[in-house]
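Here's the letter readout for the chains.
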Amino acid sequence: MKQILIISGKGGTGKTVVTAAFASLAENKILVDCDVDAANLHLILNPESQEVHEFRSGKTAFISKDQCCSCGLCQSLCRFEAIKKDTLSDKFLIDSVSCEGCGFCALACPSGAIEMKENLSGQWFVSNTRFGLFVHAKLGIAEENSGKLVATVKQKAKELAKKNNVDWIIVDGSPGIGCPVIASLSDVDCAIIVSEPTVSGIHDAKRVMEVADHFKVPVKMIINKFDLNEDMTKKIEMFSLESNIEVIGKIPFDKRIVESVSQGKTVIENGNQDLIKCFSEIWERVKKGFFAL
Ligand code: SF4
Ligand code: SF4
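Student: Lay out the overall build of the chain in plain terms, naming residues and giving numbers.
Tutor: For the chain, the helix and strand inventory stands at 11 helices and 11 strands. Considered along the principal axes of its C-alpha atoms, the chain spans approximately 75 × 40 × 35 Å. Buried residues in the chain amount to 46% of all 293 residues. Considering only intrachain contacts with a sequence separation of at least 6, the fraction spanning at least 24 residues in the chain is 76%. When the accessible surface of the chain is summed, it comes to about 14600 Å², and 50% of that surface belongs to carbon and sulfur atoms.

Student: Go over the site of ligand 1 with me, naming the residues and quoting the values.
Tutor: In the vicinity of ligand 1, the contacting residues are Ile63, Cys68, Cys69, Ser70, Cys71, Gly72, Cys74, Phe92, Cys109, Pro110, Ser111 and Ile114. A breakdown of the residues in the shell around ligand 1 according to their chemical character gives nine nonpolar, three polar and no charged.

Student: Got a sec to walk through the packing of aromatic side chains? Specific residues and values, please.
Tutor: Enumeration according to the criterion identifies two aromatic pairs in this entry. Taken together, a centroid distance of 4.9 Å and an interplanar angle of 45° make the contact between Phe22 and Trp283 tilted. Of this pair, Phe22 sits in helix α1 (residues 15-25) while Trp283 sits in helix α11 (residues 273-290); the two residues are 261 residues apart in sequence, bridging distant segments of the chain. With respect to burial, Phe22 and Trp283 carry one shared label: buried. Through pairs of rings, three or more aromatic residues link up here, namely Phe22, Trp168 and Trp283. Between Lys206 and the ring centre of Phe239, over which it is positioned, the NZ or CZ distance is 5.0 Å.

Student: Requested: an account of the site of ligand 2, with residues and values cited.
Tutor: In the vicinity of ligand 2, 13 residues are found, and the nearest of them are Cys78, Cys99, Cys102, Gly103 and Cys105. Residues of the shell around ligand 2, tallied by class, amount to 10 nonpolar, two polar and one charged.

Student: Any details on the side chain of Lys29? Residues and values, ideally.
Tutor: Secondary-structure assignment places Lys29 in strand β2 (residues 29-33). Buried and unpaired, Lys29 has Glu27 as its nearest opposite-charge partner, separated by 7.5 Å. Side-chain polar atoms of Lys29 contact the backbone oxygen of Ala23, separated by 2.8 Å. Residues contacting Lys29, with those up to four places away along its chain left out, are Ala23, Phe131, Leu133, Val166, Trp168 and Ile170.

Student: Before we move on, can you summarise the pairing of strand β6 (residues 114-129) with the specific residues and values?
Tutor: Two strands pair when backbone bridges link them, and strand β3 (residues 48-63) and β6 are joined in this way by 13 bridges, in the antiparallel orientation. Within β6, the position partnered with Glu51 by the bridge is Val126. Relative to strand β7 (residues 132-139), β6 runs antiparallel, the two being bridged by eight bridges. Across the sheet, residue Ser127 finds its bridge partner in β7, namely Phe134. Linking β6 to β7, which pair antiparallel, is a turn of two residues.

Conventions used here
- Residue numbers restart at each chain and count upward from 1, following the sequence in its written direction.
- All chains are assigned letters beginning at A, and all ligands numbers beginning at 1, according to the order in which they are written.
- Given that this is a predicted model, residues contribute local features only at a pLDDT of at least 70 and side-chain atom pairs are listed and counted only at 80 or more, while totals for whole chains, interfaces and linings are drawn from all residues.
- Side-chain measures were taken over the full set of non-hydrogen atoms in the model, leaving aside hydrogen atoms and water.
- Helix and strand definitions here come from DSSP, where helices need a minimum of 4 consecutive H or I residues and strands a minimum of 2 consecutive E residues; each element is numbered from the N-terminal end.
- Accessibility here uses a 1.4 Å probe with only protein chains present; expressed as a share of the type maximum, an area under 20% marks a residue as buried, one over 50% as exposed, and anything in between as partly exposed.
- Every residue pair with non-hydrogen atoms within 4.5 Å of one another is taken to be in contact.
- Throughout, the Shrake-Rupley method with a 1.4 Å probe supplies accessible areas, and for residues the shown protein chains are the sole cover considered.
- One heavy atom within 4 Å of a molecule or strand is enough for the residue carrying it to be called near that molecule or strand.
- Note on residue classes: Ala, Val, Leu, Ile, Met, Phe, Trp, Tyr, Cys and Pro are nonpolar, Asp, Glu, Lys and Arg are charged, and everything else, Gly too, is polar.
- Any pair of Phe, Tyr and Trp rings, taking the six-membered ring for Trp, is counted once the centres come within 6.5 Å. Such a pair is stacked with planes under 30 degrees apart, edge-to-face with planes over 60 apart, and tilted for the rest.
- The rule is short: NZ of Lys or CZ of Arg within 6 Å of the ring centre and within 35 degrees of the ring normal puts a charge over the ring.
- Charge counting treats Lys and Arg as positive and Asp and Glu as negative, with His and both chain ends excluded.
- Within this document, salt bridges are pairs made up of a side-chain nitrogen of Lys or Arg and a carboxyl oxygen of Asp or Glu, the two lying within 4 Å of each other.
- Whenever two N or O atoms come within 3.5 Å, that pair is a polar contact, provided that in protein one can donate a hydrogen and the other can accept it, and provided that, for residues adjacent in sequence, both atoms are side-chain atoms.
- In this description, strands pair whenever DSSP reports at least two bridges between them.

Dropping the structure here:
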């Protein structure tokens, strides 16, 4: 079983289009969306949830009004100013937005009136799709700890992959170089960077390459919309060559790609022969180049 991760230096470079195309082309696989902050692979895969799980992370303090004797100690100790006095009841209340969950107030409270409760930060799902099993997640608005959610989703995908004896785990990663990307990189056999031929595209691709290199994950490159700036495309090819990174595909700018996404289809399902050929050749290179089955 091989695990491949599709990543990009920033959002909107076409990594989900590539992941969805691989979903169409690969046999015997599990699909994963680790872009938990801005998940959108589900818009193409149209999943039917089989399992829904709550994701809890971090803690927030809660004060039991009945137990609170209004001594005010907690308010004086909270350096985040998350504890307010309710002038009506004369009791103390936690402002959950300001509370950082340090737990200091709960330790200090002489009445044992403060309890630390886990936050419900999001949900994760195991779903059926027309391409097979799909593990994905939804992080609550403004929730943090997406790295932990990514690790949870990936762990579940791995368990299912073993149980179902699949050949591939295909992961749509997060853009950038933050915590969820680092969590996505664990255990993968290869990271495929989708880059665009722009100055910022090259810069972002280099940064994400460095992160993958740091975690000793082999990297391959795909250049999307390569024909929009052939000089920049050559620059990406040059630095890929210098860094010993194979460019496994160049995808042309084609509005039928955007069209297929808006119709909830993969590029392969959209049926344009040139695009099918382009993406199929990339997938063949993934198979033959690294993980011949
Ligand atoms: S320390 Fe405990 S008893 Fe005192 S005000 Fe805070 S919650 Fe109430
Ligand atoms: S848990 Fe920490 S941040 Fe939250 S209210 Fe208590 S002392 Fe303040």
